[in-house]
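So you can see what is in the structure, the chains are spelled out below.
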Amino acid sequence: MRERERQVMNGALMLVVGLVTLLLSMAMFIYAIRTRQTTVVVGSILLMVVGLTVLAGLFTVAPNEARVLQLFGAYVGTVRTPGLRWANPLYTKHKVSTRIRNFESAKLKVNDLDGNPIEIAAVAVWRVVDTAEAVFEVDDYNNYVHVQSESALRNLATSYAYDSHDDQESLRGSTNKIAEHLKQEVQDRLSKAGVEVMEARISHLAYAPEIAAAMLQRQQAGAIIAARQKIVEGAVGMVEMALEMLSAKHVVELDNERKAQMVSNLLVVLCGERGTQPVVNTGTIYQ
C-alpha cells in the first residue's frame, strides 16, 4: 500500500461556520423557549447537532507531521499540509510524525568473522517517508525499526573481522565502508515499513571482556613488529648510503671484513632500543 496525499478544506473557515451555527442554534432555542414553539425547539436542536458535527471534523497538522485518514477501516489518504484543517467527521485521523529521529541500539555481544566475541552498538538516523506503509504494513513501526536495526547490526558484525593485518576490510579499519554497508543493510530491512535511513554508524566497538586482555597483547605485538620492520628498513638504507658516500668521496678504503664490521656496528646503533656506549680504540699500551 502506497501513500496518497489528500487535500482537505481549510479549518479556519469551517471553524467559523461551526461557531456561527452553534450560536444561531442557541439563539433559536432561547427564542423557542420564550415563545413556546415546539417546532423551533426541534429545529434549534438539529442545528446544534449540525454545528457540533462541523466542529468535530476539525483537526490540526503540525510541521513535519501527517494525518492518515480512514473511513470505516478503508484508507482514504494522508494530509501533510500543516495548519488547522477540516475533513469528514467520520474519518479517523491517525497522527504520524515525519520528523528525523535517531535510535541507538544496545551493546550486542556477537562473534566477528574470525569467531572472536566482540561488543558492538550502532546509531541509526531515520524518518518516515510513506505514512501508509508505516501504519498499515507493520504493526508498530517504531519497534520494527529497533528490532530490524539490531538484526542488521548482528549480520554486519559476523561479515567482517574486528581487525585485519593484511589490508582487508575490517570493522575497526574500514569505518566509512562499514557505515555505508550498515546503512544499506538497515534500509533493505526497513523499506517495507515506509522508513528512510539517512545515516547508520557504529557507536561502540570493543572486544568482549573475556578476551580483551589477550587481544590487546596481540595488537601490541603487531604494532611492535610493524615498527621494527620500519626501523630495519630505514637502518639498511642509511647503512647503504653511508657506504656509498665513503666510497664516492674516498674517505677511507674498507675491505670486505671491515665493511661487514661497520655494517654490524651501524645496525646495532640504529636498531637498538637504548643508546649505545661507544668504545674508543686508543691503540696498544706497552708496559
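The paragraphs below set out a description of the structure included in this document. Being a predicted model, the structure only gives us computed values, none of them experimental.

Parameters and conventions
Residues numbered from 1 in each chain as written. Predicted model: local features only at pLDDT ≥ 70, side-chain atom pairs only at ≥ 80, totals over all residues. Heavy atoms only, no water. Salt bridge = Lys/Arg side-chain N within 4 Å of Asp/Glu carboxyl O. Helix = DSSP H or I, 4+ residues; strand = E, 2+ residues; numbered from the N terminus. Buried < 20%, exposed > 50% of the residue type's maximum accessible area, 1.4 Å probe, protein only. Axes fitted to C-alpha atoms, helices over the stretch in contact; angles between N-to-C directions. Parallel < 35°, antiparallel > 145°, perpendicular 65-115°, else oblique. Left-handed = near helix turned anticlockwise from the far one by under 90°. Contact = heavy atoms within 4.5 Å. Phe/Tyr/Trp six-rings, centres within 6.5 Å; stacked < 30°, edge-to-face > 60°. Patch = residues over 30% accessible without salt bridge, like charges linked within 9 Å, V, L, I, M, F, W, Y side chains within 5 Å. Areas by Shrake-Rupley, 256 points an atom, 1.4 Å probe, with all protein chains shown as cover.

A word on the pattern of salt bridges
A complete count under the given rule lists eight salt bridges for this structure. Residue Asp130 is joined to Arg2 by a salt bridge in which the shortest nitrogen-to-oxygen separation is 3.7 Å. You can see Asp130 sitting in the loop between strand E9 (117–128) and helix H3 (131–136) and its partner Arg2 sitting in the segment before strand E1 (9–10), a full 128 residues away along the chain. With a relative accessible area of 57%, Arg2 lands in the exposed category. Between Arg127 and Glu196 there is a salt bridge, with the nearest N and O atoms lying 3.1 Å from each other. Linking Arg127 in strand E9 with Glu196 in strand E10 (residues 195–207), this pair joins segments that are 69 residues apart in sequence. Here the salt bridges do not stand alone but share partners, grouping Arg2, Asp130 and Glu133 into one network.

Looking at the packing of helix H4 (residues 141–157) against helix H5 (residues 175–190)
One way to put it is that H4 packs onto H5 with a least axis distance of 9 Å and a crossing angle of 135 degrees. Taken together, H4 and H5 sit at an angle that is classed as oblique. Crossing of H4 against H5: the hand is right-handed. Contacts between H4 and H5 involve Tyr144, Val145, Gln148, Ser149, Ser151, Ala152, Leu153, Asn155 and Leu156 from the first element and Ile178, His181, Leu182, Glu185, Val186, Arg189 and Leu190 from the second.

A short note on the packing of aromatic side chains
Under the defined criterion, the tally for this structure stands at three aromatic pairs. Between the aromatic rings of Trp126 and Tyr141, the centroid separation amounts to 6.5 Å while the plane-to-plane angle is 80 degrees, which identifies the pairing as edge-to-face. In this pair, Trp126 is assigned in strand E9 and Tyr141 in helix H4, connecting sequence segments 15 residues apart. Across the pair, Tyr141 and Trp126 agree in class, each one buried. Between Tyr162 and Tyr207, the ring centres sit 3.9 Å apart and the planes meet at 35 degrees, which makes this aromatic pair tilted. Of this pair, Tyr162 sits in the loop between H4 and H5 while Tyr207 sits in strand E10; the two residues are 45 residues apart in sequence, bridging distant segments of the chain. Each of the two residues, Tyr162 as well as Tyr207, counts as buried.

A look at the side chain of Thr21
Of note, Thr21 is situated in helix H1 (residues 11–35). If we skip the residues at most four places from it in the chain, Thr21 touches Leu47, Val50 and Gly51.

Brief notes about a nonpolar patch on the surface
A surface patch of nonpolar side chains, about 440 Å² in accessible area, is lined by Phe29, Ile30, Ile33, Ile45 and Val49. For the nonpolar patch, the secondary structure elements donating two or more residues are H1 and helix H2 (38–56). Take the nonpolar patch: its biggest share by element is three residues, from H1. In this structure, Val49 sits in helix H2. Judged by its relative accessible area of 46%, Val49 falls in the partly exposed class.

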